[in-house]
Amino acid sequence: MKKNFTTLVAALLFASLPLMAGESKLDVAKFFENECQGCHGPNHEGGVGSSLEPASIGKKNAYMLSDVILNGRAGTAMVSFKGKLNKDDADKMVEYLLKYEGRQIKNLTLEDVKSTHQILLNREDLYKKYLQPTDVKNVQNIVVFTERDASKVGFIDGTTNKVLSKHESGFATHVTVVNKRIPRYVYNISRDGWVNMFDLNAPGQPIIAKIRVGTDSRGLACTPDGKYLMAGNYVPGGAVLLDAMTLEPLKVYPTSSVIDMDGNIGSSRVASIADTPYGPYIAFALKDAGHVYIVDYSKPNFPIVGDIPNIGKILHDAFLNEGEEVGRYYMVASQGSDVMGIIDFKTKTLTSKVYTGPGSKPHPGQGSSWTQEKTGKQLHATVNMNLGLATIWDNNWNVVKGVKTAGGGLFIGTNEHTPYVWADNVIGGETNYNKVFLIGKESLMVERIIVAEIDGTVKLVDAKTLKVIKEYKTSKPKDEKGNAVVPRLLHAEPAMHGEHMYISDWTGGRILVVDAKTGEFITVIDGLTTPTFTYSIEHRMDLPGA
């Protein structure tokens, strides 16, 4: 009995001791900045993810925290990091979090941004020399892809699915946008703040200018007249207006001191940014403050002409309506209040809030907006991070259907050429994230499911009967080390005049090309490193706010 009691006491004492980081050489602060602060906040204050401040996690079991870092948390955006961290690394990260004392966030200034501006190639010389594209017949046939962990952006000829070029583009390269007036120019922003400008007509689609707008950035948009580009920062909080022909910075909009929904004054990250064809406006969302600012770029000094408060907590991504009065409504996700806030560019007010469900955390990505043929209704949709659910609403801002999917998603996309709305399940865990659900625009039901297997098989499944319609043998999905992995499918993008959908396989290093009208497999683009997003130049020219 005494031996058992001694063993129990020893076990209890061991559990209460702090973790030992062993031989870890991980730069925990840098890793947190690169991989964690986007969800958990630059000062660990929380956002999409929970607060990691010592006051919030100090009473939690350190071994449990380490386990969550390594293995993730099912049904949430918290992914497993066991592919990047070992046990000692995770223990060291927990020690860092428990002892974190905060840091001073630097203010955004025009002078700091200007100091990073670089002209790499003469734009006007290239414009005159390459009046027509050299590597493709039409730049609108190009599809841009990102290789997240390789920190690269690349270009594909959509007519042949041949990779044309790849470029170093900054850490975890994020959003890419097209200049709708001059589509030979596209721009991307990386999570470490670099904005790059590419010339698609020139051989190899070179970077011709670059600038660093911050140290942690996300949003990007180009005005429809092709004159201005706006980039948004998490750190330092704020937005930067750039000349779209040179990337010269014109104005900064710091968000280091704003009032949030609870009346507190503090810094806010900038989340979604969107242009609109509805007027000379560009909008950006204050993630932590719950505001949206509207800038009128047609006026001297580019003033803020709209400040829409109290939309919701933790604003994130957004999209615009198509159909009648295209681009009038800016629909922004509030992941802390589980709503889609509907901003009216005409009145510069919050028109409505669409409730997506408790704990849903809406994440529309590029979003979906379409007109039903049988009813004439304009409908809009988002997927949700914490629920296997696509939420659909109408122009009266009423939810008309909640369509059950397999797990949490990040992207839902469509266009006028496909009969479906394409929803991923990329946060649904290994048993679900290899599926893309095809929701009928007319039926508002899941009609077909694309399933990619670890052995390379791609199946097209009838959602009602669960019978396989067609089955294809493709390349085997492999990670960067050559290991077989369960495909993780996300971000279906229309391309090639609406004939194709490009679906990224994040874990398998591939892009699946499927038929937009049927979901049938066409081909696969192999040899990529964690492809995440694809952007069709043609589609993005037509998609308002993208």
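Scope of this entry: the structure provided in the associated data block. (Residues numbered from 1 in each chain as written. Predicted model: local features only at pLDDT ≥ 70, side-chain atom pairs only at ≥ 80, totals over all residues. Heavy atoms only, no water.)

1. Considering the overall build of the chain
So, step 1. Along its length, the chain carries eight helices and 37 strands.
So, step 2. Seen along its three principal axes, the alpha-carbon backbone of the chain occupies a region of about 85 × 60 × 50 Å.
So, step 3. Counting over 546 residues, the chain shows a buried share of 59%.
So, step 4. Partitioning the contacts of the chain with sequence separation of at least 6, the portion at a separation of at least 24 is 50%.
So, step 5. Of the accessible surface of the chain, which amounts to about 22100 Å², a share of 53% is contributed by carbon and sulfur atoms.
So, step 6. Looking at charge distribution, the chain has the averaged site of its 60 positive side-chain charges lying 3 Å from that of its 60 negative ones. (Helix = DSSP H or I, 4+ residues; strand = E, 2+ residues; numbered from the N terminus. Buried < 20%, exposed > 50% of the residue type's maximum accessible area, 1.4 Å probe, protein only. Contact = heavy atoms within 4.5 Å. Areas by Shrake-Rupley, 256 points an atom, 1.4 Å probe, with all protein chains shown as cover. Lys, Arg positive; Asp, Glu negative; His and termini not counted. Charge placed at Lys NZ, Arg CZ, Asp CG, Glu CD.)

2. Quick notes on the pairing of strand β24 (residues 378-383)
So, step 1. Counting buried positions over the six residues of β24 gives six, a clear majority of the element.
So, step 2. Neither face of β24 is left uncovered, since the one carrying Gln378, His380 and Thr382 and the one carrying Leu379, Ala381 and Val383 both have all their residues buried.
So, step 3. In terms of strand pairing, strand β23 (residues 368-371) meets β24 through four bridges, oriented antiparallel. Bridge pairing in β24 places Trp370 opposite Leu379.
So, step 4. Here β23 folds back onto β24, and the loop between the two strands holds six residues, one of which, Gly376, carries a positive phi near 75 degrees.
So, step 5. As paired strands, β24 and strand β25 (residues 389-394) are joined by five bridges and run antiparallel to one another. (Pairing = 2+ DSSP bridges.)

3. A closer look at the sheet that holds strand β33 (residues 489-495)
So, step 1. Read from one edge to the other, the open sheet built from four strands follows the order β33-β34-β35-β36, with strand pairing classed as antiparallel. Each end of this open sheet is capped by a strand with a single partner; those strands are β33 and β36 (521-525). On average, each strand axis in the sheet is tilted by 25 degrees relative to the strand beside it, whichever way the strands run.
So, step 2. Direction of pairing for β33 relative to strand β34 (residues 500-505): antiparallel, over a ladder of five bridges. Bridge assignment links Glu493 to a residue of β34, and that residue is Tyr502. (Axes fitted to C-alpha atoms, helices over the stretch in contact; angles between N-to-C directions.)

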